[in-house]
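One letter stands for each residue in the lines below.
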Amino acid sequence: MKDRQQNSAAVPTMDAAAIQRALRRIAHEIIERNPDLRSVVLAGIPLRGVEIARRIGEFVRHIEKIDIDTGVIDVAMHRDDIHTRATAA
């Protein structure tokens, strides 16, 4: 048990500020690599991926004053554990 506690304590975690910095940096990378932001779509996989796409889109909007489309990619039918789930999510 002691090894497990030491190993989990060694795993770095991100606080809210670190997550904000990471998402802001991703937004800057998207801006730098895509001269025409009107052709960019940020799509996330439910559940958390959709929120991440939305938040990165907000950073892009704040930085560049342009709205980029965000969306959802539904991978439920492509999961390898679909047969073990009561319902597709």
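Attention in this report is confined to the structure presented alongside it.

Conventions used here
Residues numbered from 1 in each chain as written. Predicted model: local features only at pLDDT ≥ 70, side-chain atom pairs only at ≥ 80, totals over all residues. Heavy atoms only, no water. Helix = DSSP H or I, 4+ residues; strand = E, 2+ residues; numbered from the N terminus. Buried < 20%, exposed > 50% of the residue type's maximum accessible area, 1.4 Å probe, protein only. Contact = heavy atoms within 4.5 Å. Areas by Shrake-Rupley, 256 points an atom, 1.4 Å probe, with all protein chains shown as cover. Salt bridge = Lys/Arg side-chain N within 4 Å of Asp/Glu carboxyl O. Expected span 1.5 Å × (residues − 1). Core = buried A, V, L, I, M, F, W, Y, C linked by side-chain atoms within 4.5 Å.

## Observations regarding the overall build of the protein
- Scanning the protein from terminus to terminus reveals three helices and two strands.
- Secondary structure elements in the protein, listed N-terminal to C-terminal, are α-α-β-α-β.
- Looking at the protein as a whole, 18% of its 89 residues are labelled buried.
- For the protein, the share of sequence-separated contacts (at least 6 apart) that also reach a separation of at least 24 residues comes to 58%.
- For the protein, the exposed area adds up to about 7,200 Å²; of that, 54% sits on carbon and sulfur atoms.

## A word on the pattern of salt bridges
- By the definition in use, this model includes seven salt bridges.
- Arg25 is the partner of Glu29 in a salt bridge, and the nearest nitrogen-oxygen pair spans 2.8 Å. With Glu29 and Arg25 both in helix α2 (residues 16-33) and four residues apart, the pair spans about one turn of that helix.
- The partner of Glu58 in a salt bridge is Arg54, and the shortest N-O contact between them spans 2.0 Å. Of this pair, Glu58 and Arg54 are both found in helix α3 (residues 48-64), four residues apart, which corresponds to roughly one turn of the helix.
- Residue Glu58 is classed as partly exposed on the basis of its relative accessible area of 34%.
- For Arg54, a relative accessible area of 34% puts it in the partly exposed group.

## Topic: the environment of Gly71
- Relative to the assigned elements, Gly71 resides in strand β2 (residues 69-72).
- Residues Gly71 and Ala53, 18 residues apart in the sequence, show an inter-C-alpha distance of 7.8 Å.
- Leaving out residues up to four positions away in the same chain, Gly71 has contacts with Leu42, Ala43 and Gly44.

## Observations concerning α2
- Taking 1.5 Å of rise per residue, the 18 residues of α2 would be expected to cover 26 Å, and the 26 Å separating its terminal C-alpha atoms lies within 8% of that figure.
- Among the residues of α2, those classed as buried are Ala18, Leu23, Ala27, Ile30 and Ile31.
- Looking at the buried side of α2, the elements it contacts are β1 (41-44) and α3.

## Some thoughts on the nonpolar core
- Counting residues in each nonpolar core, the largest one holds twelve residues, listed as Leu23, Ala27, Ile30, Ile31, Leu37, Val40, Leu42, Ala53, Ile56, Phe59, Val60 and Ile68.
- Only α2 and α3 provide two or more residues apiece to this core.
- Apart from residues lying up to four places away in sequence, Ala27 is in contact with Ile56, Phe59, Val60 and Ile63.

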